[in-house]
Amino acid sequence: MENIELKRFWEQVKEEIVATLPANAHPWVYPLEVSGYDKGILTLVTGQMMGRDLLRKNHYAEMVNALKKISGNENSGINIIYDESFAKSLKKENEKIKKKANEAILKEQAMENLSNMQSASNLNLKYKFENFVVGNNNKFAHSAAMAVAKNPSVKYNPLFIYGASGLGKTHLMQAIGHYTLFNNPKLKVKYTKTEDYINDFISNSRNSKDTIENMSKFNRKYTNIDIILIDDIQFIESKNKTMTQMQHTFDTLYNKGKQIVITSDRLPKDIPTLTAALCSRFEMGLMVELTPPEVHTRYDIVKKLATDNGLVFEDKALMYIAKNYKNNVRELEGAFTKVCAYAEMTEQELTLNLAKEVLKCDETEAEISVDEIIKVTSEYFKIDAKEIKSSARAQKTSEARQIAIYLSRELTGKGFVNIAEFFNKKHTTIMYAYEKVKKAINTDKKISIAVREIKQGLKVL
Ligand code: ADP
Ligand code: MG
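As the structure is a computational prediction, the values presented were derived from the model and not from experiment.

Participant: Please provide a residue-by-residue account of the site of ligand 1, values included.
Facilitator: Surveying the vicinity of ligand 1 reveals 18 residues, the closest of which are Lys-126, Gly-166, Thr-170, His-171 and Glu-333. At a separation of 3.3 Å, a nitrogen atom of ligand 1 approaches a polar side-chain atom of Asn-138. Thr-170 has a polar side-chain atom sitting 2.7 Å from an oxygen atom of ligand 1. Coverage of ligand 1 by the protein amounts to 94% of the 550 Å² it exposes when considered alone. Counting residues per element, the ones that place at least two in the shell around ligand 1 are helix 6 (169-183) and helix 13 (329-346). Residue composition of the shell around ligand 1, grouped by class: seven nonpolar, seven polar and four charged.

What follows is the structure, encoded as structure tokens:
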């Protein structure tokens, strides 16, 4: 028999053997390999000495019967040989498989440990640096947080992040925690809301026979760590005991060289309940402020939400949301979610009209006029506004004119014919200018910067 034929033959016999033998014998059958078939005698090789012996002793007759059934030869016999080199290669193969499985398990365990640590630290998985959009309003706070995350206790201690509600304080603070745990899993991180800290303290310091033990547990919980994240310190109570305890926690950690990060909706000196002693401690390190994001950062935030969730939004709809939710990122996200939920329920596309229908924002911002666009564009290019409307052909002038035309089409909702009247040009000229700038934005850095800055000047970005 040819090799291939022999193999096929053995596969058939094997199938028959497996079908007749009990399941506990299968593990000895599967590794058998065929080495020859001659005069009705099938020779099989195995790397398992025990397999050979068990099959020979307990299942020989059944195996030969199976062979007879397939070959039709009444004079069938089976010879099972144990082969040491075969055993070795089998062992190697098994080890390889085991090693791979072990690696996968280790990796899984590491990820599980990380997420356990993250949840034990009280962190929300969403609040990572990867999900934080950086803009002018938060770039200083962001880089301070990053510096602390990369080098805890080295640079800014404590780091005090302050700003109004919904501007990303909790997010940024927890991002430090996630980053540290991911890059240095040995460090112990603890996130706590000021309220929870206070409640924990009160319940442990209540008079009972276990008070001393409870308090030492409490102290260990909050000082036997490497990074503490204390959120919303403005909720600290003026009670003497709580304040003393907080100071104790702070001093213990600080003196051990541990990182402290605190957030607040205002500066330490503006928290009326705070003692002077704590106030001066909080002011020792670096204080960074979060302010409301500008419209283009708000746009980036909702755009990222859309991208991360695999949602296809009309750009104008995102811009509409970004424009109308100015002072609070939480509300901005809320508006975004509301539009998504409505679209899903009613099975509609995520368009500007839908956003308008759902959010019903007062569009207080006046429509932008072509004259305004011409004014801001001419200021940007440092030319006279009249030149834009003229037919002067100097390069700077015609560049400015083309950009003003492009923006008029993009921002005013007017048609080409109407715009042409404003610029005293043929409407084909207007169309040509529009297309030219539209293309240039992607290829010409100078043009794209000009468009962006003029838009900012017009407060649409
Ligand atoms: P705060 O603690 O200042 O009240 P949060 O950190 O809870 O605000 O932020 C409110 C919401 O806005 C959160 O869902 C947060 O993820 C989101 N958010 C705030 N700032 C940003 C940002 N720069 N990029 C992405 N999401 C942000
Ligand atoms: Mg918060």
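Participant: I'd like a description of the packing of aromatic side chains, backed by residues and values.
Facilitator: All chains considered together, the criterion is met by 14 aromatic pairs. On the numbers, 5.9 Å between centres and 10 degrees between planes, the contact of Phe-250 with Tyr-254 is stacked. On the criterion of helical spacing, the pair formed by Phe-250 and Tyr-254 is a turn pair, its members being four residues apart in helix 9 (residues 240-255). An angle of 55 degrees between the planes, with centres 5.8 Å apart, marks the rings of Phe-250 and Phe-282 as tilted. One end of the pair, Phe-250, is in helix 9; the other, Phe-282, is in helix 10 (residues 276-282), and 32 residues separate them in sequence. The buried category is assigned to Phe-250, whose relative accessible area is 5%. Look at Phe-282 and you get buried, because its relative accessible area is 1%. Here the aromatic residues Phe-160, Tyr-162, Phe-250, Tyr-254 and Phe-282 are joined through ring pairs into a cluster of three or more.

Participant: Please provide a residue-by-residue account of the pattern of salt bridges, values included.
Facilitator: Summed over all chains, the structure comprises 15 salt bridges. One salt bridge connects Asp-315 with Lys-303, and the closest N-O pair in it is separated by 3.8 Å. With Asp-315 in helix 12 (residues 315-324) and Lys-303 in helix 11 (residues 295-308), the pair connects residues that are 12 residues apart, well separated along the chain. Among the residues examined, Asp-315 registers a relative accessible area of 41% and is labelled partly exposed. You can call Lys-303 partly exposed: its relative accessible area is 35%. Between Glu-379 and Lys-375 there is a salt bridge; the shortest N-O distance is 3.6 Å. With Glu-379 and Lys-375 both in helix 15 (residues 370-381), this residue pair falls four residues apart, about one helical turn. We classify Lys-375 as partly exposed; its relative accessible area is 48%.

Reading guide: rules and limits
- Residues numbered from 1 in each chain as written.
- Chains lettered and ligands numbered in written order.
- Predicted model: local features only at pLDDT ≥ 70, side-chain atom pairs only at ≥ 80, totals over all residues.
- Heavy atoms only, no water.
- Near = heavy atom within 4 Å.
- Polar contact = N/O pair within 3.5 Å; in protein donor to acceptor, adjacent residues only side chain to side chain.
- Areas by Shrake-Rupley, 256 points an atom, 1.4 Å probe, with all protein chains shown as cover.
- Helix = DSSP H or I, 4+ residues; strand = E, 2+ residues; numbered from the N terminus.
- Nonpolar A, V, L, I, M, F, W, Y, C, P; charged D, E, K, R; others polar.
- Phe/Tyr/Trp six-rings, centres within 6.5 Å; stacked < 30°, edge-to-face > 60°.
- Buried < 20%, exposed > 50% of the residue type's maximum accessible area, 1.4 Å probe, protein only.
- Salt bridge = Lys/Arg side-chain N within 4 Å of Asp/Glu carboxyl O.

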